[in-house]
Each structure stands twice: as structure tokens, then as C-alpha cells.
Amino acid sequence: MNETTNKKPTLFLIDGNNYVYRAFYAIRNLSNSKGFPTNAIYGFTAMLLKLFRESRPDYIAVIFDSKSVSRSEAYQDYKAHRQPMPDALSPQIPYIKDIIQAFSIPVILMEGLEADDIIGALATRYSKEGFSVTIVSGDKDMMQVVSENVLMLDTMKDKVYGIEQVKEYFGVEPAKVVEILGLMGDTSDNIPGVPGIGEKTARNLIMEFGSIDGVLANIPKIKNARIRESLEKNAPLAKLSRDLATFESGIEVEFDLEAARYKEPDKLRLRDIFKECEFLKLIQELDIREIKSEVELHLVQDMAGLETMAAKLKEAGCFSFSIEPASDAAETGALTAEIAGISFCCDPGESYYLPVNKFMPLEVFEVFGKLASLFGEKQINKVGHDIKSAILMLSRKGIILKGVGCDTMVASYVLNPSKRSHQLVDIARDYLDKDLLPLKDITGSGKSAISFDAAPVEKAMDYSCQRACAIFDLSRILLDSIKEDGFEKLFCGMEMPLTEVLAAMEKRGVLIDLKAMREISQELESLMSISEDRIYGLAGEKFNINSPKQIQYILFEKLNLPKGRKTKNGHSTDADVLANLALNYELPAEILGYRTISKLKTTYVDALPMLVNPATGRIHTSYNQTVTATGRLSSSNPNLQNIPIRTEEGRRIRRAFIAPTGCLIISADYSQIELRILAHLSDDQRLIEIFRKDEDIHNRTAAEIFGVMPELVNGEMRRQAKVINFGILYGMSPFGLSKELGISQPLAKAYIDKYFAEFEGVRTYIDSLVHGARRDGYVTTLFDRRRYIPDINSPNFAVRQFAERTAINTPVQGTAADLIKLAMINIENNLKQGNYSAGLIMQVHDELVFDVPAIEKDAIIKMIRKEMEGVIELKVPLKVDIHSRRNWDEAH
């Protein structure tokens, strides 16, 4: 062994149980996207990798515990009080052992022997045979084995213990560590020790008298009367404790040294485990991605090449494609982005790249004519990533995309909406183990960045063809998973058709009154100026109102107002803190008002006119289909879903959203849809009865909770009942309700208890939701949309409570989102079939907004009501409020 050098062979013995538990508690709340806990698996694996990287052992083994027969016989309470393995840890153990085996490391476990004894025996044996032995553990008991050839390594603390380090820690040489342990005991193993003697006292006694025997022989010399008395009474316990702490290092252990020799890991097996656990960084670190197969690339440079490619794609009957915008479409928007190139794939080993920008202007016209025929053929199945953007970019060239079978971005989202990213580069890494070329490798970054259409065509081809091939491969995997998990109806019947609806909405855009926006901006500027003067007067000086640091000084140092939550930058001045202070002080209230006006002005009033498309005169927001975990749509660039509706300033902004000449804005808003869905899902008969009789749900809830006749419910009672109704939907606690209503927690709890007493079905339903989430790791909507709740069994109370609230709310909120999506699809189909000029232009949570020619108003309203209220049959009727006016605010 290593005869060519004087270096001793190294043997590393890992204390398996010790590291599994330490990893579990060191890393909190880590799980894969399906909710399976992975914290211990990750921590243990990271430790192994660190060990390989820094120590490069020649031989290595992992030792696990079995119950010690001899210690249990000697002391029946040995380890008796140890807590059972946490529920979140036990399912991780098989994975950890699989990983150990994949690293070609032997696992040693012997019935009747603890890991400590086995490690002690092996360390003693091989240190005598010329090995340098390292015990990998954080257990101080292991220090008793340390010698000239045996070290203890705590990788989590980056600490190595040799003889001198043990002396520094315990004050004695390693052989006498058990003497100290015998006196002080060990609570983790339930070794009793001597009552009243802690580590410091034990250390001092052994340093003075050399051993437990020496201490017991010199009890009269001990000055502390309490310690003397305890030692006299518990001398046998001290000796027993020492015996329990002493390793049985003389035992025979069957150990195949050659099997422990360090070997290359089984990368395929590790990759499979890491994929399931979603350890993407570890896959990268070990470079165990799938070997990339060679793909034959074809550069289409002329019309003949285009004809050949088109014929091949049509013959295949299915192809994937990737459209590359000339510049960043995320910044410019798909509606204005120019197409630099398009790649195609109809065979995993072959891909074509069509650099549109390299053709002559007249040829470009011909190119798009040929592509229109190809993309417009409904019988050819097309696969893409972010199909909505493709529809919009192609539409600018007069191309209508038909026959789309799969959008891999949407498919990834349907499979797991909680996934952190559905970008192509991320899902290719997750599902294909492939690293796609990043865009910056083609365009560069920073000041030296170039546009995609300026990049060398070979680089552009590599980038784009990689994407087209990945999309082709992903579509098969994702569609198989969708079928296997029962998501076909959700994917094919809702999410894919919705993509076209959203593209049409974005293309139509929204008309705003620029003159009105300028007037609002001037008025808000005046209000801000007045507010500034008031703030400076109340503060007694001028300061930067937008600086949290300066606000801290004014409020908490100069004016000495009560301090709220502390942050690393001082005391918080966020909205919650200012709102609490505003109850008693004028300045915080004024600052809050100023912030509100300033945000409206900068975010909407000044920003929206800048986003008007000069070609259409409209704002074209982007509707994000794959962002929220609940299934709701979100809006960006600009966000039209967060314009305030309750403030006068917010309503004025909505008033600037107008219909073109001869048209009206129609707003169709579901009435209390989430509460109606709750009634259906919970099957609470009282709740169902209220909606069937078309009663005021908040008025009726107030009557039940406050114990009065419905006609005696006043406005404040109804307001509080409304907060309670929606608070129940979001799993609100008594603390949350007390804060929301400004009442005591006991009273808030009494309100919640009263609600559940009146609506018992809701209580039963909520309990079943939480129970099901704990059992399955996820909850579903009425349309089988699934949301994984990885923290539902977290040992952390706050984390677990948040997960429970998520489990309660998601089925209701998600079902509401699904209903409005179906309604959008049905309405859009009706608009097309009826050849109407009206169009859907906005979706804001439970509201749909339309541009409608005045002549079509009555027919459109009738159709909207029919489709929205009849989208699905529930146990309670769906109700839609529909209004038409010249602007959005008045129509709401």
C-alpha cells in the first residue's frame, strides 16, 4: 500500500448516525418540489463531497448504529429517553444509504453493537497496522480513541482533533476522556453520571486525581461538601457511567479493507438520485449530466434549403421550433420583437437553423410566406416553448400558428406550478440533464453585449438548435408525465387553449386617455408637494422622505416615537410599522399618504403613457400563465392587476382606461366566487342555502356571529363579518384576525369559533384539507390542478402554519382561477364564431374587461353572462356583475 512513498495510507471512518442527524438539523425546510424532505440527504452528501475534495481518503467506510446489548443489559435506561426518529427524517435514510453505495463506500452495521464500538475497534486495529485513521464525527465521545495515528474530524465545524486538541478541549489526554464522561454523564445517551457534577467540575476532578478511581479514593480531600456527598452516594453510578461511555474497542469486526478502497462513484446512479431529489448543484459539481449526443446541424441559407427543410418537417408530421428574437423580447415585448432566426427539429439527432436576418429583404418576404404555410398547417403537430410569445412574434409577419400540440413551458407548469422556474434552460436541466448554452455566451453581457442578430451565425445556430432539440425531447417526457399524473384534461382542455386567448388579449391591448393621465400626474404632483410641506412642518426640518435612514432618525431619535421591529439597518419604517404609529401620531400617517401617492404616480400615472405602443396607440401588458402556484394569471410590463380600486386616486387612474370611439368598456366580475366555491367544496348546507336564496353572505354571517337578526346588522358588523369570511378562506389565525379587526385575540378566537359552530361543514372540510396535505404532500383544485406543499410537516411551527394556510386557500383560489380561465376560453370561442368585433382586453383576478362596439353591447353582455355563470355547474349558482360604460372605473 503506497509503497513508493513514506505516506501512511489513510482510512476514514464516518459515524453515520451522527452525521445523518446533524445534517437533518443543520439544514431546515429543504425538500423537492413534490414535498419530499431532502435536507438530511443533501447535508450528508455535501459532507461526503467535502471530505473527498479536501481529504482525498485512500479507504473509507460508513458505520451505522445497532442497539448495544451489553450496555442495555448493564443499564436498562441506557438511551431510554432518546426521542424517536423525526417523521421527516426516516424516509430519507434509504436515499442516504443508496448514495453511500453509489459512492462505492461500504456500510458497516453489526447487530448488538453501536457505531462507536465498531469505529473504536477499527480505529485501534488499523492505527496499529500503520494506517492514519480519521474518525469523521461530531460526537465528543469519539475523542477517547484519538491517538498518534487516530484523529477525529468534525467537517461541519472544520475542526480536527488530535491529542493536543483533545487536551485543550477536555484538559486530559484522550485515554482519560471516559473518566470525565463517567462523572458528568451524557444526556444524549442517558448515561447518568454523578448528580450535581457538570463538565467543568468533572474535568477539574480528573485533572487533579487522574481517574474516577482516584477521585473516589480521595473524596475527603474534595472541598465542596455537595460534591463530596454526591460522590459518596453515587460511587457505583460513576463507575457504571464510565463503563457505559467506554467503547468496546477489543471486539472483532468483519471488515473488507479492499472493499473500502476509494473508487469512482456510480455516476448514473447518483444522477438518478440527485434528479429525484432535485440537487441540481450537486449534479453540476460532480459533472454527471447526461452525455450529450451529437446532433447533425443544417444551416438553411437559401430558398432551396428552406424547401428541403419544409418538406422534411411536413413528412415527419411533428416538429419543435425555437424562435430567436433579434433583441431581448423580455425587454422589447413579443409584439415588437424582430425575428433573427428560427430553429426546427423533427428528429432527436437532427436540427435546422434558418437565420432569417441573413436573407436579402426580398427573400425575407418569401421566407415568411413559406413559413406561413408550414406553421399554418393544422395537421402538423408543433411543439414550442412559450408558445404565446411565438404566436405574437409570428403574427407580426402575417403568420397564424396552428396545430400546436405542446408548450413545454406550460407543461412543466401543469406538472408542478410551485417549481421555481419553467424557463427552458431550467427544465432541460431538470428533465434532460442537459446544460443549454446560455444566451450570454452568444451575445456577451454588460457594455460589450451585442444583439442576437449581430452574433456569428454558427454560434446562433448552436444556441437555437440546442433549444429546438431540447424542446422536442422535453415534449415527449412532459406529455408522458402529464398523462401518467392525470393532468391531460387540465393541460389539453384548459392551459393550452388559454395560451391563444392570452396572445389575442395582449395583441388587442388597452386604450388609455393620455390627456387624462397628464392631468392626474399634475394633480398628484401638487398633492405630493402639499404633503411634503406638512411632513417637514411636523418633523421640524426638511429631509429625504424616500430615505428609510432619515425617516428612522426623525421618528425614533429626534421625535422619540415608539420603535417597532429592528432590522440590520436600524428600526423598520415599513408600512406596517408606520400604520401602527399612525394610530396615535400624525407624522407617520402623513408619510404613509405621501408614499401611496408617490407610488401611484411613478408606477402608473407617469409610467403607463411611456408604455403605449406607438404603432397601436395602446398598452400591451404581458399575461403570465406560468408564474403563480395557485393557477392565477399575473400581469407584467405593466402590471394592470394591482391598480388600486378603493382609493380615489386609483379610481381616477382606472377612469383613464377608455373605450375607443363608438365602443364601450364592459366589465364582468364574478360575485363572491371564492365563497361560492367554498360552499361547493365544503358541502356546508347552511352556506349553500345562503347562496341559493341569493342572500347577502356577509350580512348573514354577521347575524350568525353576533347573534342578531339579519335586519339589525349594521355596517361595522357586516365589515367585520366580511373580514372573517375571507379570513377563513386564507386560514387566518386569531392573531391575524385580531390584527385585521383591531380587537383582542380572545375575541378574535371567539368569532372564529362561532363561525365554525355555525358552518360546521367548513370546519370539517378545512380539517380534511390539512390532513390530506400532510398525507399526500399536495392539494388539488376542482379541476385537479395540483399544488405541492413541501412544508406541511415541517417541525418549525411558523413554517408549518404558513403551509397549512396555503393548503386551505389553494383549492378555493385555484378553482376560482380555473373557472375564469375556462370562461375566457369559451367567451373567446364565441367571439370568433359570432364574428364579433368585441374583444377581451384585460383579466384582473375575478374580472374580465372587454372593448365592445356599442351596437354589439346587448348581445355580448348576454353571451358573457351565459358563459361565465354557466361555465360549470356547482351546488350554488355562480353570479356575475356586468356593467358597461365609457371607461373602466365606471364600468366596474
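**Quick word on helix α17 (residues 387–395)**
Here's step 1: Counting buried positions over the 9 residues of α17 gives 9, a clear majority of the element.
Here's step 2: Restricting attention to buried positions, one finds in α17 the residues Ile 387, Lys 388, Ser 389, Ala 390, Ile 391, Leu 392, Met 393, Leu 394 and Ser 395.

**Considering the sheet that holds strand β8 (residues 318–325)**
Here's step 1: Strand order across the open sheet formed by 6 strands is β7-β10-β9-β8-β11-β12, with mixed pairing between neighbours. The sheet is open, and its two edges are formed by β7 (296–299) and β12 (404–407), each paired on a single side. Strand-to-strand twist in this sheet, taken as the mean axis angle between neighbours without regard to direction, amounts to 25 degrees.
Here's step 2: Along the sheet face, helix α18 (residues 408–415) touches β11 (381–384) and β12 and points at about 60 degrees away from the line of β12.

**Looking at the environment of Glu 856**
Here's step 1: For Glu 856, the position within the fold is in the loop between β24 (847–853) and α37 (857–869).
Here's step 2: Assessed through its relative accessible area of 13%, Glu 856 is described here as buried.
Here's step 3: Residues Glu 856 and Glu 296, 560 residues apart in the sequence, show an inter-C-alpha distance of 55 Å.
Here's step 4: Leaving out residues up to four positions away in the same chain, Glu 856 has contacts with Tyr 836, Ser 837 and Ala 838.
Here's step 5: A polar side-chain atom of Glu 856 sits 3.0 Å from the main-chain amide nitrogen of Ser 837.
Here's step 6: There is a polar contact of 3.1 Å between the side chain of Glu 856 and the backbone nitrogen of Ala 838.

**Things to note about the side chain of Thr 134**
Here's step 1: With respect to the helices and strands, Thr 134 occurs in strand β4 (residues 132–136).
Here's step 2: Among the residues examined, Thr 134 registers a relative accessible area of 8% and is labelled buried.
Here's step 3: In this structure, Thr 134 is in contact with Leu 11, Phe 12, Leu 13, Leu 151 and Leu 153, ignoring residues within four places of it in sequence.

**Points about the sheet that holds strand β17 (residues 618–619)**
Here's step 1: On the basis of which strands lie adjacent, the open sheet formed by 3 strands has the order β13-β17-β16 and antiparallel pairing. Among the strands making up the open sheet, the edge pair consists of β13 (510–511) and β16 (612–613).
Here's step 2: For β13 and β17, the ladder comprises 2 bridges, and the chain directions are antiparallel. Opposite Leu 511, over in β17, you have Arg 618 as the bridge partner.

**Points about the pattern of salt bridges**
Here's step 1: Considering all chains together, one arrives at 46 salt bridges under this definition.
Here's step 2: Of the charged contacts, one joins Arg 655 and Asp 889 as a salt bridge, the two residues approaching to 3.2 Å between their closest N and O atoms. With a gap of 234 residues between them, Arg 655 in helix α28 (residues 648–655) and Asp 889 in helix α38 (residues 888–891) connect regions that are remote in the sequence.
Here's step 3: Judged by its relative accessible area of 29%, Arg 655 is partly exposed.
Here's step 4: Under the relative-accessibility criterion, Asp 889 is labelled buried at 7%.
Here's step 5: The partner of Lys 879 in a salt bridge is Asp 694, with the nearest N and O atoms 3.5 Å apart.

**A few points about helix α24 (residues 548–558)**
Here's step 1: Those residues of α24 lying buried are Ile 551, Gln 552, Ile 554, Leu 555 and Phe 556.
Here's step 2: Positive backbone phi, at 55 degrees, marks Asn 560, one or two positions downstream of α24.

**Description of the layout of surface pockets**
Here's step 1: What the second largest pocket holds in volume is close to 1100 Å³.
Here's step 2: The wall of the second largest pocket is formed by 28 residues, among which Ile 645, Arg 646, Asp 669, Lys 722 and Asp 846 lie closest to the centre.
Here's step 3: Mapped onto the lining of the second largest pocket, the elements with two or more residues apiece are β20 (663–670), α29 (673–682), α32 (715–729) and β25 (880–885).
Here's step 4: Residue classes in the lining of the second largest pocket are distributed as 8 nonpolar, 10 polar and 10 charged.

**A word on the side chain of Gln 92**
Here's step 1: Along the polypeptide, Gln 92 turns up in the loop between α3 (69–74) and α4 (93–102).
Here's step 2: With relative accessibility at 0%, the residue Gln 92 sits in the buried group.
Here's step 3: Non-local contacts of Gln 92, meaning those with residues more than four positions away in its chain, are made with Phe 24, Phe 36, Pro 37, Thr 38, Asn 39, Ala 40 and Ile 41.

**So, the packing of aromatic side chains**
Here's step 1: Tallied over the entire structure, the rule returns 23 aromatic pairs.
Here's step 2: The interplanar angle of 75 degrees and the centroid separation of 5.6 Å between the aromatic rings of Tyr 126 and Phe 255 together place this pair among those described as edge-to-face. Residue Tyr 126 is located in helix α5 (residues 115–128), and its partner Phe 255 is located in the loop between α11 (235–245) and α12 (267–277); the two are separated by 129 residues in the primary sequence. As far as the burial class goes, Tyr 126 and Phe 255 line up, both buried.
Here's step 3: Each member of the aromatic cluster is reached from another via a ring pair, and the members are Tyr 59, Tyr 126, Phe 131 and Phe 255.
Here's step 4: The ring centre of Tyr 19 lies 5.5 Å from the NZ or CZ of Arg 22, which sits over that ring.
Here's step 5: One Lys or Arg, Arg 654, reaches over the ring of Trp 888 and ends 4.1 Å from the middle of that ring.

**Overview of the state of the cysteines**
Here's step 1: Tallying each qualifying case throughout the model produces 0 disulfides.
Here's step 2: Between Cys 465, a cysteine without a disulfide, and Cys 469, which holds the nearest cysteine sulfur, the sulfur-to-sulfur distance is 6.3 Å.
Here's step 3: Residue Cys 465 is classed as buried on the basis of its relative accessible area, which comes to 0%.
Here's step 4: There is no disulfide at Cys 492, and the cysteine sulfur nearest it, in Cys 406, is 8.7 Å away.

**Brief notes about the packing of α29 against helix α36 (residues 797–833)**
Here's step 1: The N-to-C vectors of α29 and α36 enclose an angle of 115 degrees; their axes lie 9 Å apart at closest approach. Overall, the two elements α29 and α36 adopt an arrangement that is roughly perpendicular. When the axes of α29 and α36 are compared, the crossing they make is right-handed. On the side of α29, the interface is formed by Ile 673, Glu 674, Ile 677, Leu 678 and Leu 681, while α36 contributes Pro 811, Val 812, Gln 813, Thr 815, Ala 816 and Leu 819.
Here's step 2: Considering only residue class, the contact of α29 with α36 consists of 8 nonpolar, 2 polar and 1 charged.

Conventions adopted
Residues numbered from 1 in each chain as written. Predicted model: local features only at pLDDT ≥ 70, side-chain atom pairs only at ≥ 80, totals over all residues. Heavy atoms only, no water. Buried < 20%, exposed > 50% of the residue type's maximum accessible area, 1.4 Å probe, protein only. Helix = DSSP H or I, 4+ residues; strand = E, 2+ residues; numbered from the N terminus. Pairing = 2+ DSSP bridges. Axes fitted to C-alpha atoms, helices over the stretch in contact; angles between N-to-C directions. Contact = heavy atoms within 4.5 Å. Polar contact = N/O pair within 3.5 Å; in protein donor to acceptor, adjacent residues only side chain to side chain. Salt bridge = Lys/Arg side-chain N within 4 Å of Asp/Glu carboxyl O. 1 Å grid on protein atoms, 1.4 Å probe; cavity = no way out; pocket = protein on both sides within 12 Å on 5 of 7 lines; lining within 4 Å. Points joined across faces, edges and corners; volume = space filled by probe spheres on them. Nonpolar A, V, L, I, M, F, W, Y, C, P; charged D, E, K, R; others polar. Phe/Tyr/Trp six-rings, centres within 6.5 Å; stacked < 30°, edge-to-face > 60°. Lys NZ or Arg CZ within 6 Å of the ring centre and 35° of its normal. Disulfide = S-S within 2.5 Å. Parallel < 35°, antiparallel > 145°, perpendicular 65-115°, else oblique. Left-handed = near helix turned anticlockwise from the far one by under 90°.

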